[in-house]
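# Summary of the model geometry
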Amino acid sequence: MELYELTVHELLEKLDNNEITLEDITKSYIDRINDKEKDVQAFVSISDKEALEKVKTIKERNTKFAGIPIGIKDNICIKNTKTTCSSKMLENFVAPYNATVIEKLNEENMVYLGKLNMDEFAMGASTEYSAFKKTKNPWNLNTVPGGSSGGSAAAVAANLVPWALGSDTGGSIRQPASLCGVVGLKPTYGLVSRYGLVAFASSLDQIGPITKDVQDSAMLLNLITGHDEKDSTSANIEKKDYTKSLRQDVKGLKIGVPKEYFGDGINEEVKKSVKEAIKKYEEMGAIVEECSLGIADESLAVYYIIACAEASSNLGRFDGIRYGYRTKNFTSLKDIYRNSRSEGFGAEVKRRIILGTYVLSSGYYDAYYKKAQKVRTIIRKEFEKLFEKYDVLLTPTSPTVAYEIGSKSNNPLEMYLADLCTVTVNIAGLPGISVPCGVDKAGMPIGMQLIGKHFDEETILRAAYTYEQNAKFRENYKPEFKK
Amino acid sequence: MSREDYEIVIGLEVHSELSTKTKIFCSCPTEFGGKPNTHCCPVCMAMPGTLPVLNEKVVEYAIKAGLATNCKIADVSKNDRKNYFYPDLPKAYQISQYDMPLCEHGYVEIEVNGEKKKIGLTRIHIEEDAGKLNHDDYGRGSLVDLNRAGVPLIEIVSEPDLRSTEEVDLYLKKLKSILEYIEVSDCKMQEGSFRADVNVSVRKKGQKEFGTRIEMKNMSSFKSILRAIDYEAERQIEVIEDGGKINQETLRWDEVSGKTFSMRNKEDAQDYRYFPEPDLVAIRISEEMKENIRKSLPEMPEKRRERYVKEFNLPEYDAKVLTSEKALSDMFEKANNICKNPKTVSNMIMTDIIGYLNAEEIEAKEIPFTAQQLGNLVVLIDKGTISSSIAKKVLQEMFENPREPQKIIEEKGWIQISDEGAIKEVVLKILEANPQSIADFKAGKDRALGFLVGQAMKETKGKANPQMLNKMFLEELKK
């Protein structure tokens, strides 16, 4: 078995037993990148030389994760490194500071293999909206990896990195994880600092791990959580050790299955696979019950109003004045603004800025933004009610498996439906994890989503771990790089 | 109809920079000046991915201002984003407060022609200042300086309760004095830390409804605010008298031409798309916090004024003038602590110091010498070391080249002659030179004594002790 095929906890074991060196690991990944990146196109920038140089300087493993490589979604700032958000607007932007999560990884002395591709400014569900390249799904190179953290999910699935950080505003970690057959966790809003994550929608964004298995997910979550004075929305709660919840135990666990996520919009094979997983949970001793999340239908509308409204304001700073792309074609200040933004942003970003500007405009604010905020409160309350009865909720992660590149990119509305099962979790600020639960007839991976109570990552990790250990997806299926 | 038939209605939006050490959303210094873009960090430069963190001192200072102006303080307040594009606004939105300001429904009391009048305050809210554009004189472009970006401001919005430029003047002075007393702002107009936008409309006397109001910006001093209001009221009355209509618009005051120019009208009014700032959490203000801030408020001008009359026996008028500005009042108290002569300190401040400030157009807080030095100066008078006429000269010197008064009189040789022998010598010399005066005095003309003393002062360049001169002349004349 090649080193790049191992999970991080397996690598640590080998390091502890002195079977391998840190350099072996990084070299193994660099070889793999050299071999497969041309097919997958997961990276915006590769820092193989820097990674190797750095790992050579680490003589002693003073911290648990010293010298362990990682890939970072390209909307998270690493000092003196390009942070492009896969946008022409920031093509040459070099971050002058570190995101808080990067500071934390630096404390561990981890090694960066590169910055991973994404939909421009995290807006999209297929990574086709990257201004630079289209990342391919390692299971079938003609299909999308999902998005917006498509580069992160594809890189982990293709073993180009052992694990990666992504960001999730409406499903951007969980949906690509599902489409690429890996594990993706969106933490509770406020659990991980957003400082240094280029904002898409401030009240929804969270950074989270994309990993090969649940144990790695818990370990990487441990590394990035914690209160941050630089982020007012970061929760001031005691730091937990999430690896403690990695027990095989779902006896008596109450699982609610909202029927709204098994309707017409969901692919039959996806439904079938998730229902089999539900059966498995019952066999393992969980108590499963169908339940109802009445506002599921409204959640997409609420999501697109709030996310676009915040985005329209957050992206105002890309104005061609201080940094980023500036048009060559101007004679007035208005020209600089209009032309820099027209030329620097892609179509989807512009679409969302226009949508967001519209819903915040005087005369429309009450009908859209204000109403959406009210429905958001209702959604939160509905979840609260469900969680009085259930420990976790279980749904499909994505309505479909990975689809062919180009098949939806000209139909934004259809593309928005990809977020159907995931957005409510962001709206309510809850934690959600996507775990692979099978493949369809064509062999494309299917994921299920477990949703937990606020700051109860432990329970969804435990439920996911128990399923994973019994279903053994990783042992049974591997990406084949079909062309 | 003429101007006398109209009433001017004025409301003010005052922006005052708070004197916190650090900016409102990051820990950069608020200090004025500094090379361009040196008081900045990724947060106030709006680098992608950065987040604001609210400076708690800003909330405290704003609540202080609210309590000092009789406002109701909110239990829960929040920040909102005001979205617009301009190169001095790096985030393309200003974090301000929209519908839940920290303070509401207050008032400031002014005294118009001896009668008290309450000017209502609609609200006081917190927000961040923008940066500055430095326009190249040669038209090559504009440079952005973000040192001021993120400096905390409070905006104090008054009701349209003001009816004349006189009232506006009194209101602004009072407001400034309050902010200085509670030490939340240093209100330096020339540094832009205290500025006002003005809403003006006119209506026929007796008319109930307000006229259409226009907003004026860009006035950089009290004087130009008053000038602008005068100009604008006159213009509006003229338009109405000519049968025209006032259009709601925003005007820019031009100090050089003394005229207003249209910035934008109602049709192309900006839509700021206010919405709650998702990067910040709600501001919750407990009763305990309000009470603690209330307790920390210093003695306000009215209270001081009463105390000065009672404790120091000062005339009501003196007490009012002294307490009108915190800097003067503080100087008075500190100087008096040293010399224990309130009346003399008060006189020096009221006539000599204020006279100098007015003549040179400088502010009380810019007085270059210390209160201790003023106190020491009065001690020198009281000890008879210098005369009060010399004291005036010393004070002038203290303004121009501030140092200890003792040092000044030594350097200048202004020490009063109080030596009996020396005084006698002068007295005899003057008497000898003025036999006519002696005759006049003896003939009952008391004025002659004054003349002789005057001559003696002239002879000694004002340094002779006047009381001793008087006494000795009388003794000699009566011989």
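Residues numbered from 1 in each chain as written. Chains lettered and ligands numbered in written order. Predicted model: local features only at pLDDT ≥ 70, side-chain atom pairs only at ≥ 80, totals over all residues. Heavy atoms only, no water.

### A closer look at the overall build of chain B
Broken down by element type, chain B carries 15 helices and 16 strands. Since a compact globule built from 479 residues should have a radius of gyration of about 23 Å, the 29 Å found for chain B marks it as more spread out than a globular shape. Referenced to the eigenvectors of the C-alpha coordinate spread, the extents of chain B come out at roughly 95 × 60 × 55 Å. Evaluated residue by residue, chain B yields a buried proportion of 51% over its 479 residues. For chain B, restricting intrachain contacts to residue pairs at least 6 apart in sequence, the fraction spanning at least 24 positions comes to 70%. Total accessible area on chain B is roughly 23,200 Å²; 49% of this is exposed by carbon and sulfur atoms. Of the charged side chains in chain B, 71 are positive and 81 negative, and the gap between their average positions amounts to 3 Å. (Helix = DSSP H or I, 4+ residues; strand = E, 2+ residues; numbered from the N terminus. Rg over C-alpha atoms; globule rule 2.2 N^0.38 Å. Buried < 20%, exposed > 50% of the residue type's maximum accessible area, 1.4 Å probe, protein only. Contact = heavy atoms within 4.5 Å. Areas by Shrake-Rupley, 256 points an atom, 1.4 Å probe, with all protein chains shown as cover. Lys, Arg positive; Asp, Glu negative; His and termini not counted. Charge placed at Lys NZ, Arg CZ, Asp CG, Glu CD.)

### Description of the overall build of chain A
Secondary structure assignment for chain A yields 16 helices and eleven strands. Compactness check: chain A gives a C-alpha radius of gyration of 21 Å against a globular reference of 23 Å for 483 residues, within 12% of the reference. Taking the principal axes of its C-alpha atoms as reference, chain A extends roughly 65 × 55 × 45 Å. Here chain A holds 483 residues, and the buried ones make up 65% of them. Taking the contacts inside chain A whose residues are at least 6 apart along the sequence as the reference set, 76% of them involve residues at least 24 apart. Total accessible area on chain A is roughly 17,500 Å²; 47% of this is exposed by carbon and sulfur atoms. Taking the average location of the 64 positive side-chain charges in chain A and that of its 65 negative ones, the two points are 4 Å from each other.

### Points about helix α5 (residues 150–157) of chain A
Residue and element names in this part refer to chain A. The element α5 is largely enclosed, with a buried count of eight among its eight residues. Looking only at α5, the buried set comprises Gly150, Gly151, Ser152, Ala153, Ala154, Ala155, Val156 and Ala157. On its buried face, α5 sits against α2 (22–40), β2 (69–73), β3 (111–116), β4 (163–168), α6 (174–180) and β6 (206–211).

### Details of the confidence of the model for chain B
On average, residues of chain B score 90 in pLDDT, and 99% of them reach the 70 mark or higher. Here the predicted complex carries an ipTM of 0.96, next to a pTM of 0.89. (pLDDT = per-residue confidence, 0-100.)

### Some thoughts on the sheet that holds strand β15 (residues 275–276) of chain B
Residue and element names in this part refer to chain B. Taken together, three strands build an open sheet; the order of strands is β5-β4-β15 and the sheet is antiparallel. Of all strands in the sheet, those with a lone pairing partner are β5 (93–96) and β15, marking the two edges. Examined bridge by bridge, strand β4 (residues 80–83) and β15 share two bridges and lie antiparallel to one another. From the neighbouring strand, arginine 81 faces β15, where its bridge partner is phenylalanine 275. (Pairing = 2+ DSSP bridges.)

### Structural notes on the packing of helix α5 (residues 301–312) of chain B against helix α7 (residues 326–339) of chain B
Residue and element names in this part refer to chain B. Relative orientation of the contacting elements α5 and α7 amounts to 25°, with a least axis distance of 12 Å. Between α5 and α7, the interaxial angle falls into the category roughly parallel. Crossing handedness for the pair α5 and α7: left-handed. Taken together, the residues of α7 that come into contact with α5 (itself represented by Arg304, Arg307, Tyr308 and Phe312) are Ser329, Asp330, Phe332, Glu333 and Asn336. (Axes fitted to C-alpha atoms, helices over the stretch in contact; angles between N-to-C directions. Parallel < 35°, antiparallel > 145°, perpendicular 65-115°, else oblique. Left-handed = near helix turned anticlockwise from the far one by under 90°.)

### So, the sheet that holds β4(A)
Residues and elements named next belong to chain A. Taken together, eleven strands build an open sheet; the order of strands is β1-β3-β2-β4-β6-β5-β10-β11-β9-β7-β8 and the sheet is mixed. Taken across any chain shown, the strands that pair with only one partner, and hence form the sheet edges, are β1 (43–46) and β8 (287–291). Put simply, the sheet's adjacent strands are angled 30° from each other on average, direction ignored. Pairing of strand β7 (residues 254–258) with β8 involves five bridges; the strand directions are parallel. Opposite isoleucine 255, over in β8, you have valine 288 as the bridge partner.

### Thoughts on the environment of B:Leu395
Along the chain, B:Leu395 turns up in helix α10 (residues 388–400). Along the primary structure B:Leu395 and B:Ile408 are separated by 13 residues, whereas in three dimensions their C-alpha atoms are 9.5 Å apart.

### Examining the nonpolar core
Counting residues in each nonpolar core, the largest one holds 176 residues, and the members touching the most others are A:Leu105, A:Phe121, A:Trp163, A:Leu165 and A:Tyr281. In terms of residue count, helix α9 (residues 296–314) of chain A provides more of this core than any other element does, eleven residues in total. (Core = buried A, V, L, I, M, F, W, Y, C linked by side-chain atoms within 4.5 Å.)

### Digging into the pairing of strand β5 (residues 183–186) of chain A
Residue and element names in this part refer to chain A. Judged by which residues are buried, β5 turns out to be covered on both faces: Val183 and Leu185 on one side and Gly184 and Lys186 on the other are all buried. Across two bridges, the pairing between β5 and β6 is antiparallel. Note that in β6 the partner of glycine 184 across the bridge is isoleucine 210. In this structure, β5 lies alongside strand β10 (residues 432–439), joined through three bridges in antiparallel fashion. Looking at β10, one finds that glycine 184 is bridged to serine 434.

### Looking at the interface of chain A and chain B
Listed as interface residues are 38 residues of chain A and, on the opposing side, 32 residues of chain B. Carbon and sulfur atoms supply 60% of the area that chain A and chain B bury against each other, a total of about 2,700 Å² over both sides. Considering only the side of chain A, the residues that lose the most area to chain B are A:Ser232, A:Ser313 and A:Arg317, jointly responsible for 22% of the buried surface there. Counting every contact that joins chain A to chain B gives one salt bridge. Residues B:Asp279 and A:Arg194 are paired through a salt bridge, measuring 3.1 Å at the closest nitrogen-oxygen approach. Taken together, chain A and chain B are joined by 17 residue pairs in polar contact (both at pLDDT 80 or more). (Buried area = accessible area lost by both parts, 1.4 Å probe. Salt bridge = Lys/Arg side-chain N within 4 Å of Asp/Glu carboxyl O. Polar contact = N/O pair within 3.5 Å; in protein donor to acceptor, adjacent residues only side chain to side chain.)

### Regarding the pattern of salt bridges
Residue and element names in this part refer to chain B. Evaluated as defined, the whole model comprises 61 salt bridges over all chains. With its nearest N and O atoms 3.6 Å apart, the salt bridge here joins lysine 365 to glutamate 363. Overall, the relative accessible area of 32% leaves lysine 365 in the partly exposed class. Close ionic contact of glutamate 459 with lysine 429 constitutes a salt bridge, the shortest N to O distance being 2.6 Å. Separated by 30 residues along the polypeptide, glutamate 459 in helix α14 (residues 447–459) and lysine 429 in helix α12 (residues 420–433) bring together distant segments of the chain. Residue glutamate 459 is classed as partly exposed on the basis of its relative accessible area, which comes to 39%. Overall, the relative accessible area of 47% leaves lysine 429 in the partly exposed class. Taken together, the salt bridges that share partners define one network made up of Glu183, Glu299, Arg304, Arg307, Glu311, Lys326, Asp330 and Glu333.

### Digging into the domain arrangement of chain B
The domains assigned to chain B are domain 1 (3–291), domain 2 (303–412) and domain 3 (420–478). One C-alpha centre belongs to domain 1 of chain B, the other to domain 3 of chain B, and the line joining them spans 63 Å. (Domains from an automatic or database assignment.)

### Re the packing of aromatic side chains
Evaluation of the coordinates by the stated rule reveals 28 aromatic pairs over all chains. Look at B:Tyr308 and B:Phe332: their rings are 4.9 Å apart centre to centre, the planes differ by 50°, and that puts the pair in the tilted class. On the criterion of sequence distance, the pair formed by B:Tyr308 in helix α5 and B:Phe332 in helix α7 is long-range, its members being 24 residues apart. For the residue pair B:Tyr308 and B:Phe332, the accessibility class agrees, reading buried in each case. Of the aromatic side chains, those joined through ring pairs into one cluster are A:Phe93, A:Phe121, A:Phe318, A:Tyr323 and A:Phe345. Geometry around A:Tyr403 places A:Lys408 over its ring, the cationic atom sitting 4.2 Å from the centre. Over the face of the ring belonging to B:Tyr93 we find B:Arg81, whose NZ or CZ atom lies 4.0 Å from the ring centre. (Phe/Tyr/Trp six-rings, centres within 6.5 Å; stacked < 30°, edge-to-face > 60°. Lys NZ or Arg CZ within 6 Å of the ring centre and 35° of its normal.)

### A closer look at the state of the cysteines
Residue and element names in this part refer to chain B. Under the criterion given, the structure shown has zero disulfides over all chains. We note that cysteine 28 lacks a disulfide partner, and the nearest cysteine sulfur, in cysteine 41, lies 3.6 Å from it. Owing to a relative accessible area of 7%, cysteine 28 belongs among the buried residues under this scheme. The closest cysteine sulfur to the non-disulfide-bonded cysteine 40 is located on cysteine 44, 4.7 Å from its own sulfur. Judged by relative accessible area, which is 18%, cysteine 40 ranks as buried. (Disulfide = S-S within 2.5 Å.)

### Details of the side chain of A:Asp335
All names here are of chain A. If you trace the backbone, aspartate 335 turns up in helix α10 (residues 333–344). One buried charged residue, aspartate 335, remains without a salt bridge, the closest side chain of opposite sign being arginine 338 at 4.1 Å. What aspartate 335 contacts, discounting residues up to four positions off in sequence, is Thr327, Asn329, Phe330 and Ser340.

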